[in-house]
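Structure at a glance
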Amino acid sequence: MARGIRDRVVILGMGCSKFGERWDAGPEELMVEAFDEALGDAGIEKSQIDAAWLGVFFQEQSTGKSGLPLSQALRLPNIPVTRVENLCATGTESLRGAVYAVAAGAADIALAMGVEKLKDTGFGGLPERTKGATEDLWLPNSTAPGSFAQLASAYSNVHKRDMNDLKRAMAHISVKSHRNGALNPKAHLQREISEDDVLNAPMVAYPLGLYDCCGVSDGAACAIVCTPEVAAKLGRRDAVAIKALQLAPSNGYELTNDGWDGSHTLTTRLAAERAYAEAGISDPKTELDVMEVHDCFSITELVLMEDLGVSEPGRAIDDVLDGRYDYDGAIPCQIDGGLKCFGHPIGASGLRMAYEIYLQLNGRADRRQLDAPSTGLAQNLGGVPNRNVASVAIYGLTDLKG
Amino acid sequence: MSRDDVGILACGAYVPRARLPATLVGGAHGWFSPSLKKAGDGRRSFCNWDEDSVTMAVEAARDCLARSDAASIGRVELASTTLPFADRSNAGLLREALDLPDDANLSDSGGSLRAASAATLRALENDDGRAALVIGSDCVETKPASAQEATHGHAAAAIVVGKGDPLARLKGSASLHQDFVDHYRSAGERFNYTLEARWTRDAGYRQQTRDVYARALADAGIGADGVHHVAVAAPPALAKAVARIVGATSVIGSELAKQAGFCGAAEPMLKLVAALQSADAGETVVLVSLGQGIDVLVFEIVKPCSSRSLALQLESGADETNYCRYLALRRLLGLDEGIRAERDNRTAQSAAWRKHESITGFKGGLCTACGTLQFPQSVVCVNCGSGHTQEPFRLADLKGRVRSFTEDWLAYTPSPPLIFGNVGFEKGANVMMEFTDAAAGEIEVGMPVELCFRIKDFDDRRQFRRYFWKPFPPRGASDG
C-alpha cells in the first residue's frame, strides 16, 4: 500500500470570495479576491509560489481553457499553471494537484485555485450544453435537479420509506443549512427559511422543490499549501494538515447495470473507505467533528450521510430529523451554509468547503465557530448519481513544533 | 403467378394516444365559425410532439411483425404524404429501426391518398418471392378552425404480403386515375387546400366509383350480393356517400372515424386492418380507396386476424383537454420556449453513423463471457472486464421496469415536464431514458414499460430530426 498523503502537506493560507450573483465580477475579479485573502493569510509573497493549479468546469462559460486565466489574472511570474476539470469535484482536484506536487517535492509552495462564473447565461439554473457527439444521440436532455431527484424515488422505494417522511427530512436539511448560512457573510443566500417554505415551494424536478436545490452562483476559493517543514520555517507552530485526499470516478456500472439500485452513490462509498484508511479513521461516526458535503440537492446530502458511513443504511431520514447534523448535533454538516446557501460555482466548491473546515479547525469561523473541532471532512460529488466523480478530503490539526 | 399463392399474412396498426375532441375544437373556434360548435362528440388522433409518419409506421409495423417473421421481409413499401425526409430513405430509416434484412428492396411513395392502396396492389400482384411489408402512415396537419381540424387524424397501419397461410386473399381489383383536384397540398406546405365536398362527391366520385367498383367485382367474379362488407377510405362525409353509391349493406371502420378521424394516406390500410381484425372467415370485403381516382380491391377473408390491436388502440386514447397544448405540440402555435430551448441540437453525422445500429435499432452489447447486457455496447464489459466479447443484442422489443424517475420542470422539452429515469431490462441492463406518452403523476417506480421509436430532438437550424427509443406505460383500455 502506498504511503498516502497523510500529514505530508499543510495549508499555509486560504481565501474565498463572496459567493453570489456577482454581476460586478468576472472570473478575474473573483480569483483576485480569493487570492488576495489567501496570500495575506499565508504571509508570503506571490513570488514564493512555485506552481499553481486552476480548477474550472464550464471553460466555455467565460473563464476559458488552460492555465492562462489564472496566470493572467494574478500576473504570476510565468510559473507552471495546470488547469484541471473533474466535474463538481474540480475544486478538490485542483487542491489535489497542488498537494501532490508539494508531497512529491516538486514544489515547496503551491497554489490551488477554483473559480466559476455561472451567471452570464441570461437564464436561471446551470448553463445548457450538449453532452457530446455520441451521448446526445440517446441520453435524455436532463438537468442536474432531474438527475439527482432520481435518488429520492429510488431511495423511497429501496428502503420502503414513505415519500412524505423523506420530503420532511429533506426539508430539515435545507432549513438547517439556511440557518447556518444566515450567519455567513460570504454566503449567497443569508436568510433563514422554514420547513413550510420548503414543502410548499414550486416543484423543480419531482420530488425536489425550489428549496431542495442549491443556488447557482459565482465564486472563487483558493489554498496555498506547503510541506510542514516549510510552514515551520515560516514560523507556524501548528497547521491544518491534509489527512486524506481520495477520488473515485464511476466506471459505467451504475449507468448500464441494474446491480446498482439507484438509491445511493457508489463512488462516495469507495472514496470514503479509502480516505478513512488514508487518514487512519476507524469510526467516522465518532472521529469526525465537522463535515462539508456535496449538498447540491437536499436528497444528495441525505444519502451521502449513509455513503460516508455516519448514518446506517436507510436510517439517514431519522438521523437528519433527530438533528444529528444540525449545528448543535453530533456532526455538524454544512456549518457554513453549504452549497445550499453558497450556490455551486463548480470549480470553486471543493475549495470553498475546505475553506470552512480550515476556518473551523483554526478557530476562526466567527459566529459559526464550533467547539474546538480537530478533524473535518469535505466531500464532492461531480456529475449525476448514475455517473459521477466523488472526492473525499479529510483535514486535521497538526503540531509543527516537533 | 396466381393470386391464390400470395395473400396478406399479418396486419397491425398504430393510433397515437393523443385525441382531440371535436367539442374542444368547437369551444375554441365556435366564436369564429359557429358550424364547428356542431361538430359532434367524436375525436381525432394526433401525433405527440415526438411522433411523425416514420415513427408511427415503425409502431404499426412492429404490431404487424409481432405476428409475422421479420427476417422474411424482402421488400418494404412505405406510403405517406408526410414523410419527414425528401432525400433520405424514410423506408431505410424504418428498416433500421425494425432491424429488417439490409438487402430488402425499399420504397418511399406518396403524392396521393391512394399511395398505400397502390402499394398494396403492387405487392399482391407483383410477387418477387420474398415477403413485402406495406405500410400507410400519415400525419397531415390541419389548419386551425378548418373543417378538417376535428375530423382528420394521424395514424398508421401495416400488412405483410407473401406466400404462406394467409389472413386474406385478393380476389380482384380495378383502378382509375383522374387528375381531379378536390384538395391539394403543394410541396413543402403544411396544410391542404380543400374544395366544396358536394362537388367532390357529385362530379368526382359518384359515377366513377360505380364504374370502377363494378369492374373490380367483375374481375373477382362476384356480383354485388357476394359482398359482405365495404370499407371506404375517404373523409367521413364522402366515405358515407360512396358507401351508399355502391350499395353497401355493412360498412367497416365506423369506430375509426369516431376515434381517430380520417387519416390521409394511412386510411386505406387502417380500413383494411379493421376488416382483417373484424370480418369472419369466408366473407368478402371490398376496399374502396379515393384520391385523384379510385382503387377498388376485393378481398376474401381466409381466417380472421387473432389480434384486436386496432380496436384496442382506438379505445385507449387520452382526450386532450387544452386546445393550446394541442396547437403547441403540433407546432401550430409558437410558444416562448425560453433561452434554454436555444441549445444547438446539431447531430454529428459521423458519430451517428458509427452508432447507427445502437441508436436506431436500439442494440446494446451482450457479453459472451458473462452474459451481461449493457447499453451502449462497449469494448470492455462493465461486469466481468473482458474485452471485445460483446455481441449486438436488441433491446427495442424488451419490456423494462422503472427503477427511478423524475418529472423535470427545468429541462427543456416541448411537453413539460421532461420525465426520465433509469429503466432496468433483462440480463442486467440499465438505461437512463426519456419517457413519452405519460403525464405528470403517471410514472411510478416498479412500473413495467414498453419501448417505442420516437423523435429525440429537432434541429430547426438544419431542418434535421434525430430519433431514439423511449419507454412508455402500456396503454390500457381504461385511459380513454
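Criteria and thresholds
Residues numbered from 1 in each chain as written. Chains lettered and ligands numbered in written order. Predicted model: local features only at pLDDT ≥ 70, side-chain atom pairs only at ≥ 80, totals over all residues. Heavy atoms only, no water. Contact = heavy atoms within 4.5 Å. Buried area = accessible area lost by both parts, 1.4 Å probe. Salt bridge = Lys/Arg side-chain N within 4 Å of Asp/Glu carboxyl O. Helix = DSSP H or I, 4+ residues; strand = E, 2+ residues; numbered from the N terminus. Nonpolar A, V, L, I, M, F, W, Y, C, P; charged D, E, K, R; others polar. Buried < 20%, exposed > 50% of the residue type's maximum accessible area, 1.4 Å probe, protein only. Expected span 1.5 Å × (residues − 1).

Another aspect to go through is the interface of chain A and chain B. By a widely used convention, the size of an interface equals the accessible area lost when the partners come together. In this complex, chain A contributes 42 residues to the contact, which on the side of chain B involves 44 residues. When chain A packs against chain B, the two sides together hide about 3700 Å² of surface, and 56% of this comes from carbon and sulfur. The largest per-residue losses of area from chain A upon contact with chain B belong to Leu-137, Trp-138 and Asn-141 of chain A, which jointly make up 21% of the total buried on that side. There are one salt bridge connecting chain A and chain B. Taking the shortest distance from any N to any O, the salt bridge between Arg-340 of chain B and Glu-128 of chain A comes out at 2.9 Å. Broken down by secondary-structure element, the contributors of at least two residues to the side of chain A that touches chain B are α5 (144–158), β5 (203–205) and α9 (253–256) of chain A. Ranked by residue count, the leading element in the side of chain A that touches chain B is α5 of chain A, at eight residues. Class assignment for the residues of the side of chain A that touches chain B results in 17 nonpolar, 19 polar and six charged.

Let us now look at the pattern of salt bridges. All names here are of chain B. Enumeration over the complete set of coordinates arrives at 55 salt bridges over all chains. The salt bridge partner of Asp-202 is Arg-201, with a shortest N-O separation of 3.0 Å. On the basis of relative accessibility, which here comes to 37%, the residue Asp-202 falls in the partly exposed class. Between Asp-344 and Arg-462 there is a salt bridge, and its shortest N-O distance comes to 2.9 Å. You can see Asp-344 sitting in the loop between α10 (323–329) and α11 (349–354) and its partner Arg-462 sitting in the loop between β21 (448–459) and β22 (464–472), a full 118 residues away along the chain. By relative accessible area, Asp-344 is classed as partly exposed at 27%. When salt bridges that share partners are traced, they join Asp-50, Glu-51, Glu-434, Asp-437, Arg-454 and Lys-470 into one network.

All names here are of chain A. Between its terminal C-alpha atoms helix α10 (residues 266–279) stretches 20 Å, which fits the 20 Å expected from 14 residues at 1.5 Å a residue. Looking at the buried positions of α10, the neighbouring elements they touch are β8 (238–249), α9, α11 (284–287), α12 (298–307), β10 (375–384) and β11 (387–399). Following α10 by one or two positions, Gly-280 has its phi on the positive side, about 75°.

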